[in-house]
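Okay, here's what each chain looks like letter by letter:
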Amino acid sequence: MNIFDIVGPVMVGPSSSHTAGAVKIGNTCYKLMGEKIVNADIFLHGSFLKTGAGHGTDRAIVAGLMGFLVDDMRISESFELANSYGLKFTINGADLGNVHPNSVKLLLTGISGRKLEIIAASIGGGRIRICEIDGIAVNFSGESPTLIVHNLDQPGHVKEVAGILEQKAVNVATMQLYRKSRGGEAVMVLECDQEIPIDAIRSLEKIEGIINVTYLSHK
Amino acid sequence: MYESISAIIEDEKKTSLPFWKLIQRDDCIERDVSEEESFESMKKMYLTMKDCVKNYDPTLHSNSSLVGGEAVLLRKYIESGKLLSGDFIGQVMEKALMVAESNACMRRIVAAPTAGSCGVVPAVFISLQEKLQISDEEMTKALYVAAGVGGVIAIKASLSGAEGGCQAEIGSASSMAAAGMCYLLGGNSDQIANAAALALKNLLGLACDPVAGLVEIPCVKRNVCGAVNAVTSAELTMAGISSKIPADEVFEAMHNISRTMSDTIKETATGGLATTPTGKEIAARLSRS
């Protein structure tokens, strides 16, 4: 969060949390997928579900999934535009449990067949939080280049990832570690100050014990 | 961002830098940008606010048709010479309506701090600029002051109606506008903090209860309330009237109130004005159409 989340963003109305935040969630998912999204099942929770239609939350998320930004005047026509873009989607309601009132779950498929499952929340003033990726709890804003590494919970993976970033002179701003169970599946989330070169990401993917790597680029 | 107003005032004593400059310096470090880049970004926010007022379209109505043309009615009333609250307040009210209506009609606005409350800061700031002939540069500095206050509120409480009710949106906007206005009137940092405290105190506990869940009723008119409240809070401050509760504690009080507020008045449209007989009738009519 910075002061331009307080005064700003410049956006199309009517709601920073229900319209701009929703575009941003969609757009962050688009970046996380790293390729064109062709299918999206969208599950709105809480206030997103109760008042989403009136605020265009559904249209805003679909706009974001196609890569639109929050001040794009085409947001209100996103359902119609999705057809020609090649994005199929469903809008549903769901009770996601004890989460932020403005939360949404997205089941996404990319053009290569890649699947991504995200739970995200719009936390006010257009700011968002990614809360879950593929069933594992995480916590990041998507505002900086972010590396998400799924790995087996074994010694050494943190060092391998940190080593590759050091080689590329990428500074880590924040780092979070999560795991489902001891020795099971674990996730590292690293928010960085610089973009990570694509070859560094490819070399991470090849390391034994690393299940997959997702990278959110701002380029 | 600063976590308390008292930390900003302490830094001011240590560095002798003014309030706005400390917020700018913090932004430069946070986003790794130069002072010029930071200033240009903030100036762009102010100029976009002015564009929104300049491009106000009096013929626009929201999709629901619940909002549109309010600023035109007020303008006619002002021109009739009947407005008792005076020219300046008339200007503030009119601009708050223009910007808030534009938001409901899916025009481009600057969230400050949110879209629902986007009319408050521009209404106070642009009216002041016109009245006192202030430069855009000085207005930009005042916008840093407002942003600094909003940042502290975001950290200590919340800026989201869904989390904190309308106090977190119109209340925060009013507090930010009061702080900025106080700066523009020559207030020092203690006075800026005082104006921010006075403004938010008046709006603590405000429910977020939008009819049919839309940012229209009562949001558009609450922008007028937040803007006028900011003006009176800044003027009370300049008259030497102090808030006995410091700004940081007022922000914390807002957070406490948020936690005890019912979900029915946190943007869910399940309480307050939204569930009045007329509110329900409007919602039913819209869901049929």
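For clarity, every value in this text was computed on a predicted model and none was experimentally measured.

**Q** When you look at the packing of helix 1 (residues 5-15) of chain B against helix 10 (residues 189-203) of chain B in this model, what are you seeing that I'm missing?
**A** Packed helices, taken two at a time, are described by the angle between their axes plus the distance between the axes. Residues and elements named next belong to chain B. Two numbers describe how helix 1 lies on helix 10: the axes approach to 10 Å, and their chain directions differ by 170°. By the angle between their axes, helix 1 is roughly antiparallel relative to helix 10. Contact with helix 1, carried on its side by Ile5, Ile9 and Glu12, involves Ser189, Asp190 and Ala193 of helix 10 and no other residues of that element. Residue classes in the contact of helix 1 with helix 10 are distributed as 3 nonpolar, 1 polar and 2 charged.

**Q** Help me understand the domain arrangement of chain A, please; the structure alone is not making it clear to me.
**A** By convention, interface size is frequently given as the accessible area that disappears when the constituent parts associate. Residues and elements named next belong to chain A. One can read the domain layout of chain A as domain 1 (3-133) and domain 2 (146-216). Domain 1 and domain 2 are separated by 26 Å when their C-alpha centres are compared. Facing the 5 residues of domain 1 at the interface are 6 residues of domain 2. Counting the surface lost from both domain 1 and domain 2, the interface buries some 480 Å², and carbon and sulfur atoms represent 69% of this. Summed over the shared surface of domain 1 and domain 2, the result is 0 salt bridges. One can count 1 residue pair in polar contact (both at pLDDT 80 or more) joining domain 1 with domain 2.

**Q** Can you help me understand helix 4 (residues 57-65) of chain A in this one?
**A** Quick reminder: α-helices carry 3.6 residues per turn. Residues three or four places apart thus point the same way. Residues and elements named next belong to chain A. The element helix 4 is extensively covered by neighbouring structure, given that 8 of its 9 residues are classed as buried. For helix 4, the set of buried residues is Thr57, Asp58, Ala60, Ile61, Val62, Ala63, Gly64 and Leu65. In this fold, the buried residues of helix 4 make contact with helix 2 (16-33), strand 2 (37-44), helix 3 (46-55), helix 5 (78-85), strand 3 (88-93) and strand 4 (103-110).

**Q** For this particular structure, what's the right way to read the pairing of strand 5 (residues 115-124) of chain A?
**A** Looking down a regular strand, the side chains alternate between one sheet face and the other. Residues and elements named next belong to chain A. In terms of burial, strand 5 is largely enclosed, as 8 of its 10 residues are buried. Two strands pair when backbone bridges link them, and strand 4 and strand 5 are joined in this way by 7 bridges, in the antiparallel orientation. Residue Lys105 lies in a different strand from strand 5, and its bridge partner there is Ile119. Hairpin connection, strand 4 to strand 5: the antiparallel pair is bridged by 4 residues, and Gly113 has positive phi, about 100°. Taken together, the 6 bridges between strand 5 and strand 6 (residues 127-133) define a ladder with antiparallel strand orientation. The residue bridging Ala121 from the neighbouring strand is Arg129, located in strand 6. Linkage of strand 5 to strand 6, two consecutive antiparallel strands, is achieved through a turn of 2 residues, within which Gly125 is found at a positive phi near 65°.

**Q** Got a minute to help me understand the sheet that holds strand 11 (residues 210-216) of chain A in this structure?
**A** Through backbone hydrogen bonds, the strands of a sheet pair up, either in parallel or in antiparallel fashion. Residues and elements named next belong to chain A. Pairing is antiparallel in the open sheet, where 4 strands are placed in the order 9-10-8-11. Each having just a single partner strand, strand 9 (172-179) and strand 11 make up the two edges of the open sheet. For this sheet, the mean inter-axis angle between neighbouring strands, taken without regard to orientation, is 15°. Strand direction decides the pairing type here: strand 9 and strand 10 (residues 185-192), joined by 7 bridges, are antiparallel. Bridged to Gln176 within strand 10 is Val189. Strands in contact with helix 6 (residues 157-167) are strand 8 (146-152), strand 9, strand 10 and strand 11; relative to strand 10, the strand with the most contacts, it is inclined by about 25°.

**Q** Got a minute to help me understand a negative patch on the surface in this structure?
**A** On the surface, a cluster of negative charge is made up of A:Asp193, B:Asp32, B:Glu36, B:Glu37 and B:Glu40. Among the structural elements, A:Asp193 can be located in the loop between strand 10 and helix 7 (198-205).

**Q** Would you take a moment to explain the pattern of salt bridges for this structure?
**A** When the charged atoms of two side chains with opposite charge come close together, those side chains can pair. Counted under the stated rule, the structure contains 19 salt bridges over all chains. Residues A:Glu117 and A:Lys105 are paired through a salt bridge, measuring 3.6 Å at the closest nitrogen-oxygen approach. In this pair, A:Glu117 is assigned in strand 5 and A:Lys105 in strand 4, connecting sequence segments 12 residues apart. Looking at A:Glu117, the relative accessible area reads 28%, which means it is partly exposed. Relative accessible area serves as the criterion here: at 24%, A:Lys105 is assigned to the partly exposed category. For B:Lys141, the salt bridge is made with B:Glu138, and the minimal N-O distance between the two is 3.6 Å. Pair noted here: B:Lys141 and B:Glu138 are both in helix 7 (residues 136-156), with a separation of 3 residues, about one helical turn.

**Q** Hey, could you run me through the environment of B:Ser262 in this one?
**A** Residues and elements named next belong to chain B. Tracing the sequence through the fold places Ser262 in the loop between helix 12 (247-260) and helix 13 (277-288). For Ser262, a relative accessible area of 35% gives the class partly exposed. Only 2.7 Å separates the side chain of Ser262 from the side chain of Thr264, close enough to count as a polar contact.

**Q** What am I meant to see in the state of the cysteines here?
**A** Think of a disulfide as a covalent bridge from one cysteine sulfur atom to another cysteine sulfur atom. Per the counting criterion, the structure on display carries 0 disulfides over all chains. With no disulfide of its own, A:Cys29 has A:Cys131 as its nearest cysteine by sulfur position, at a separation of 11 Å.

Thresholds, definitions, all that
Residues numbered from 1 in each chain as written. Chains lettered and ligands numbered in written order. Predicted model: local features only at pLDDT ≥ 70, side-chain atom pairs only at ≥ 80, totals over all residues. Heavy atoms only, no water. Axes fitted to C-alpha atoms, helices over the stretch in contact; angles between N-to-C directions. Helix = DSSP H or I, 4+ residues; strand = E, 2+ residues; numbered from the N terminus. Parallel < 35°, antiparallel > 145°, perpendicular 65-115°, else oblique. Contact = heavy atoms within 4.5 Å. Nonpolar A, V, L, I, M, F, W, Y, C, P; charged D, E, K, R; others polar. Domains from an automatic or database assignment. Buried area = accessible area lost by both parts, 1.4 Å probe. Salt bridge = Lys/Arg side-chain N within 4 Å of Asp/Glu carboxyl O. Polar contact = N/O pair within 3.5 Å; in protein donor to acceptor, adjacent residues only side chain to side chain. Buried < 20%, exposed > 50% of the residue type's maximum accessible area, 1.4 Å probe, protein only. Pairing = 2+ DSSP bridges. Patch = residues over 30% accessible without salt bridge, like charges linked within 9 Å, V, L, I, M, F, W, Y side chains within 5 Å. Areas by Shrake-Rupley, 256 points an atom, 1.4 Å probe, with all protein chains shown as cover. Lys, Arg positive; Asp, Glu negative; His and termini not counted. Charge placed at Lys NZ, Arg CZ, Asp CG, Glu CD. Disulfide = S-S within 2.5 Å.

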